[in-house]
Structures are given as structure tokens and as C-alpha cells.
Amino acid sequence: MDYLQIVGGKPLHGEINISGAKNASLPLLAMSLLSKTPFKLTNVPHVADINTFIKLLENLGASISRLDKNEVLLDTSSVNNTKAVYDIVRKMRASILVLGPLLSRFHHCEVSLPGGCAIGARPVDMHLKALSAMGAEIDIKSGYILAKAPHGLKGAVIVFDKKTVTGSENIIMAAALAHGKTKIVNACKEPEVVQLCQILSDAGLEIEGIGTDEISITGSEGSLLSLKESAVIPDRIEAGTYLCAGAITNSPITLHNVIESHMEAITVKLQEIGFDINYSCDDDRVCTMKLLKAKNMKAFNITTSEFPGFPTDMQAQFMALATQCEGTSVIRETLFENRFMHVNELQRLGANISMNGNVAQVTGKTPLFGTDVMATDLRASSALVLSALVAKGTSDIHRIYHLDRGYEDLESKLRSLGADIKRLKEQA
Ligand code: EPZ
């Protein structure tokens with residue numbers, strides 16, 4: 001197993017490229033199951049979760065070629081197995097995204113229940129309830145979802161009790177091949193959901209309400225689609241994480257390949273803290289973003305919520321940043337019941353954090369001191385990296401396979417910004 005060794009206290013400078021979004025790529029990989037023609041995806045990040053999903057699709061019989069590090073060609077015409085096995089699904093919850101497409105295309109499938117993870121129980125009850133409303137017979141047996149729809153899925157009105165990102169994506173893909181029209185009420189409007197809808201619309205599907213919380217999809221009556229080559233949108237969470245790397249070390253850095261409208265909740269919060277951010281964008285709205293040094297860094301309040309609110313996937317990173325801001329910051333997590341696994345590790349580095357239920361109070365500016373810490377989930381581990389950049393001395397961050405799930409070339413990107421970071425092998 002690897003670990004990261006970071007010597008903190010170095011100011012950052014320079015510029016990096018932001019990769020394609022992991023959370024946009026995963027549903028797009030699943031959507032290849034709806035295509036009768038090979039589906040080419042570009043700007044796909046080279047991270048572990050993508051490799052896991054590709055393995056899952058190959059296990060179903062798809063043939064997938066990596067044209068280069070960030071390009072995949074997905075041909076699902078040879079899919080002959082509709083069982084998504086536990087051994088792969090347990091590694092990555094987003095595997096549940098094959099449920100909607102498999103059921104809609106093959107009218108039956110078995111998908112292992114994904115199980116919980118460090119940040120919460122993460123049930124899929126809303127996915128299943130929605131598919132039942134579309135005519136599916138759903139049984140749970142020995143940890144598997146057995147789903148059947150002998151005559152295909154039929155359009156329905158689906159009302160999600162809570163907003164669910166992959167739930168919205170699963171139902172959008174299920175509705176794509178269904179008979180009749182499906183209306184999803186209380187749908188998510190994250191950029192990743194929007195891109196999924198846009199590619200379906202480009203393939204000729206009639207979709208209304210893209211980017212709103214009410215989406216209507218007229219199904220193709222069972223005909224497979226011809227999905228057009230698409231470039232995955234930039235990763236707004238990766239971009240936010242690097243902005244926090246600049247902010248926590250109060251260093252000017254530049255990010256290329258970001259979309260301004262995807263980042264507003266993050267950039268407005270950074271401006272509130274004391275950072276100015278300059279954009280220069282091309283006519284496709286793809287921008288270069290410059291973070292400028294702050295004169296002083298003020299404490300802030302955050303309540304996580306669905307897009308366009310403050311993203312839960314940035315909560316841990318901003319908690320790390322809060323340790324360097326003057327005053328007491330208050331961070332409230334509303335989406336997941338256990339997304340504070342980073343608190344204990346930040347406290348080991350010297351952070352002054354008190355917890356009360358789903359609210360964390362962080363008092364700064366507190367000097368941090370390098371030590372051994374352990375990653376527990378993807379975004380928590382990025383918070384530990386950020387803290388190590390500003391901590392005095394050396395930090396060793398263990399179990400960084402969590403980081404490798406969602407951050408492409410993390411060390412080389414941070415090293416190019418001037419960080420002293422090495423990937424080393426744990427002693428046997
Ligand atoms: C997606 O997870 C993201 N993953 C997560 O990013 C992100 O944190 C989350 O959305 C919220 O924005 C991908 O897109 C692959 P939800 P998802 O369904 O879809 C509850 C990362 O770090 N819920 O929107 O699984 C659920 O327990 C990852 O990149 C039900 O109760 O999240 C949670 O409390 C972490 N029943 C809330 O809803 C359901 O059927 C939101 O979950 C579904 C969800």
C-alpha cells in the first residue's frame with residue numbers, strides 16, 4: 001500500500017489543468033448500455049473509480065477500448081450478462097447506475113446492493129421505488145436487487161421524496177428506453193445530471209426541463225440510441241479542492257479548464273473568506289480561473305445542500321481551510337449522516353474543532369503540525385492533503401487508495417504548484 005509524505009509550509013504558485021469529472025463520467029459510462037452504436041467518451045479522468053466501472057461493464061460483456069489515457073470507446077452490443085456482481089459493486093457504490101439502463105434494455109437484471117460506506121448508510125430505496133412506479137417487479141434476495149420488467153418499463157410520474165443524484169440519473173436512463181413519457185419531480189440539477197440529459201437529447205430523445213428539478217423524458221419505446229461522441233465536463237470538485245490548496249496556503253494559483261457556472265457556490269464562499277478570483281473564458285464558457293492572495297482570511301459559515309447550493313463534496317476541504325481563517329467557522333452537513341470522518345484526523349494535526357450533531361465549529365487561525373494521519377473516504381483524504389500543505393513539518397497520509405478513486409495525478413499536479421509531496425510504499 002502507498003502513503004503520501006508532505007512537507008508543509010511551502011507557498012504554492014503556478015498553474016494546473018483540471019481533469020474531467022469523475023461524477024459525470026460514471027453515469028455516462030453506464031449510459032453506453034443504451035447505445036446500439038459504440039459510444040466514444042473523451043476527457044475521462046484516469047482514476048480508480050473509472051477503472052472499476054469499466055471492469056463492471058466488461059464483466060457484463062461490453063467491449064471497451066482505452067484509446068488513450070483519457071479516451072474510452074464503449075461497445076455494449078455484445079453485452080450478454082445482466083448480473084452486476086457484489087465483488088465489483090462493493091468497491092464502488094456508483095455501480096448502482098447500471099440498474100436503470102440494464103432493466104430498460106434487457107427487461108431483467110440482478111444488481112448487488114451497494115451497501116453503505118464511511119459517510120453513511122446510503123440506501124437505494126428511492127431508486128427502487130421509482131423503478132417500481134415504472135412497472136418493474138423488484139425483489140431483494142441474498143443481497144441482490146432482482147428486477148424484472150417483462151414488457152419493458154413504462155413512463156410514469158416519479159416524485160423523489162429527497163433529491164438523489166444517482167437516483168435521478170438512474171431514472172433518466174431507465175426512462176430513455178421506456179414506453180411513454182416519464183416526469184421526474186424533485187430531480188437533481190447538478191452539472192453531471194445536466195450533461196447526461198444533454199447527451200440523450202443530442203441522440204434525439206425528447207427531454208424537457210434539463211437543468212431544472214422537473215424533467216420530462218419521452219422514451220424511445222425500446223429502441224436503442226445512437227449516442228454521439230462526448231467530452232466529459234470538467235470536475236468542479238477537483239477544481240474546488242485545488243482552489244482550497246491555494247487558499248489554505250494563501251498562494252496565487254491558476255486553474256485551466258473549469259466552467260464558471262459550476263463553481264459559484266465554491267467561489268462565492270472563497271470571496272467571502274477574503275480571496276479574489278479572476279476568470280477568463282473562451283466562447284464555450286470553458287475558463288481559466290486565477291485565485292489571488294488574500295489580505296486576511298475570515299471565518300465563514302457553510303450549510304451543505306444540493307446544487308446549486310454548497311456541495312457536500314467540498315465540506316471536508318473547507319473544514320481544513322477553516323483552521324487557517326480568523327474566528328469561528330460553522331459547518332453544517334445536511335446530506336450525509338456521517339460525513340465528519342476527517343474531524344479526528346484534522347484534530348491530530350492540531351485543528352481546534354468541536355462537534356455538535358451535524359454541526360462542526362472550527363476555531364482559527366490554528367497552527368497545524370505534521371504527523372501521521374489516515375484517510376477514510378475520498379473527500380476526507382483530500383482535506384488531510386490540504387492540511388498537510390500548511391502544517392509545520394512532515395505529514396504521512398495513509399490509506400490513500402481513497403484519494404486515487406477520484407483525483408487524477410494528484411501528486412504531480414501539487415508538485416507542479418510547488419508542493420513538497422512524495423508517494424512512498426508502506427513498510428511491510
Ligand atoms: C452522489 O452520490 C455523488 N456520487 C456523491 O459524491 C455526492 O456526495 C452525492 O451525490 C451528493 O451530492 C456520484 O455522483 C457518483 P444521493 P449519491 O443519492 O447519488 C440519501 C464523491 O465524493 N438517499 O444524492 O449516492 C443518501 O443516503 C461522492 O464523489 C436515500 O436515502 O448521493 C444521502 O443521504 C461521495 N435513498 C442523500 O439521499 C436513496 O435511494 C443524497 O444521496 C438515495 C439516496
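This one's a predicted model, so the numbers in the text were calculated from it and none came from an experiment.

Enquirer: What is the right way to read the site of the ligand from this model?
Expert: Lining the immediate surroundings of the ligand are 23 residues, of which Met126, Thr164, Thr166, Asp313 and Leu335 lie closest. Within the backbone of Pro123, an N or O atom sits 3.4 Å from a nitrogen atom of the ligand. Here an oxygen atom of the ligand sits 2.6 Å away from a polar atom, N or O, in the side chain of Asp313. Considering the ligand on its own, with 830 Å² of exposed area, one finds that the protein chains cover 90% of that surface. Sorting the residues of the shell around the ligand by element identifies helix H1 (22-31), helix H5 (125-133), helix H6 (165-176) and helix H12 (378-390) as the ones contributing at least two each. For the shell around the ligand, the per-class residue count stands at nine nonpolar, five polar and nine charged.

Enquirer: It is not clear to me how the sheet that holds strand E9 (residues 144-148) should be interpreted in this structure. Could you clarify?
Expert: Where strands meet in a sheet, backbone hydrogen bonds hold them as pairs that are either parallel or antiparallel. In spatial order, the strands read E6-E7-E9-E8; together these four strands make up an open sheet with mixed pairing. The open sheet has two edge strands with one neighbour each: strand E6 (83-84) and strand E8 (137-141). Here strand E7 (residues 108-112) pairs with E9 via five bridges, running antiparallel. Pairing of Glu110 across the sheet is with Leu146, part of E9.

Enquirer: Honestly, the packing of aromatic side chains in this entry has me stumped. Any pointers?
Expert: Taken as a whole and judged by the stated rule, the model has two aromatic pairs. Their ring planes at 90° and their centres at 5.0 Å tell us that Phe310 and Phe318 sit as a pair that is edge-to-face. The burial state of Phe310 is the same as that of Phe318; both residues are buried. Linked through ring pairs, Phe300, Phe310 and Phe318 together constitute an aromatic cluster. Across from the ring centre of Tyr144, 4.6 Å away, lies the NZ or CZ of Lys83, which sits over that ring.

Enquirer: Looking at this structure, how should I read the sheet that holds strand E2 (residues 14-17)?
Expert: Sheet architecture is open: four strands sit in the order E2-E15-E17-E16, paired in mixed fashion. A single partner strand is all that each edge strand has here, and the edge strands are E2 and strand E16 (277-281). Going from strand to strand, the sheet's axes swing by 25° on average, the running direction of each strand aside. Two strands pair when backbone bridges link them, and E2 and strand E15 (residues 253-259) are joined in this way by four bridges, in the parallel orientation. By the bridge assignment for E15, Gly14 is matched with Ile253. Its contacts with the sheet put helix H8 (residues 236-248) on E2, E15 and strand E17 (286-291), and the angle it makes with E15 is roughly 165°.

Reading the values: rules and limits
Here the residue numbers are simple positions, counted from 1 along each chain's written sequence. Reporting of local features is limited, given that this is a predicted model, to residues whose pLDDT is at least 70; pairs of side-chain atoms are given and counted only at 80 or more, and all residues count toward the totals for whole chains, interfaces and linings. Note that water and hydrogens are dropped before the side-chain values are worked out from all heavy atoms of the structure. When at least one non-hydrogen atom of a residue lies within 4 Å of a molecule or strand, that residue is treated as near it. Here a polar contact is taken to be a pair of N or O atoms separated by no more than 3.5 Å, where protein atoms must pair a possible hydrogen donor with a possible acceptor and residues adjacent in sequence count only if both atoms sit in side chains. Surface accessibility in these figures is a Shrake-Rupley result with a 1.4 Å probe; residues are shielded only by whichever protein chains are displayed. Secondary structure follows DSSP: runs of H or I at least 4 residues long count as helices, runs of E at least 2 residues long count as strands, and numbering of each begins at the N terminus. Each residue is assigned to one of three groups, with Ala, Val, Leu, Ile, Met, Phe, Trp, Tyr, Cys and Pro labelled nonpolar, Asp, Glu, Lys and Arg labelled charged, and all others, Gly among them, labelled polar. We call two strands paired when DSSP finds no fewer than two bridges between them. Each pair of aromatic rings taken from Phe, Tyr and Trp, with Trp reduced to its six-membered ring, is defined by centres within 6.5 Å and is described as stacked if the planes are under 30 degrees apart, edge-to-face if over 60, and tilted in the remaining cases. A 1.4 Å probe rolled over the protein chains alone gives each residue an accessible area, and that area as a share of the maximum for its type sets the label: buried under 20%, exposed over 50%, partly exposed in between. Two conditions define a charge located above a ring, namely a distance within 6 Å from the ring centre to NZ of Lys or CZ of Arg, and an angle within 35 degrees of the ring normal. What counts as an axis is a line fitted to C-alpha atoms, over the stretch in contact for a helix, and the angles between N-to-C directions run from 0 to 180 degrees. The contact rule is simple, with two residues in contact once any of their heavy atoms fall within 4.5 Å.

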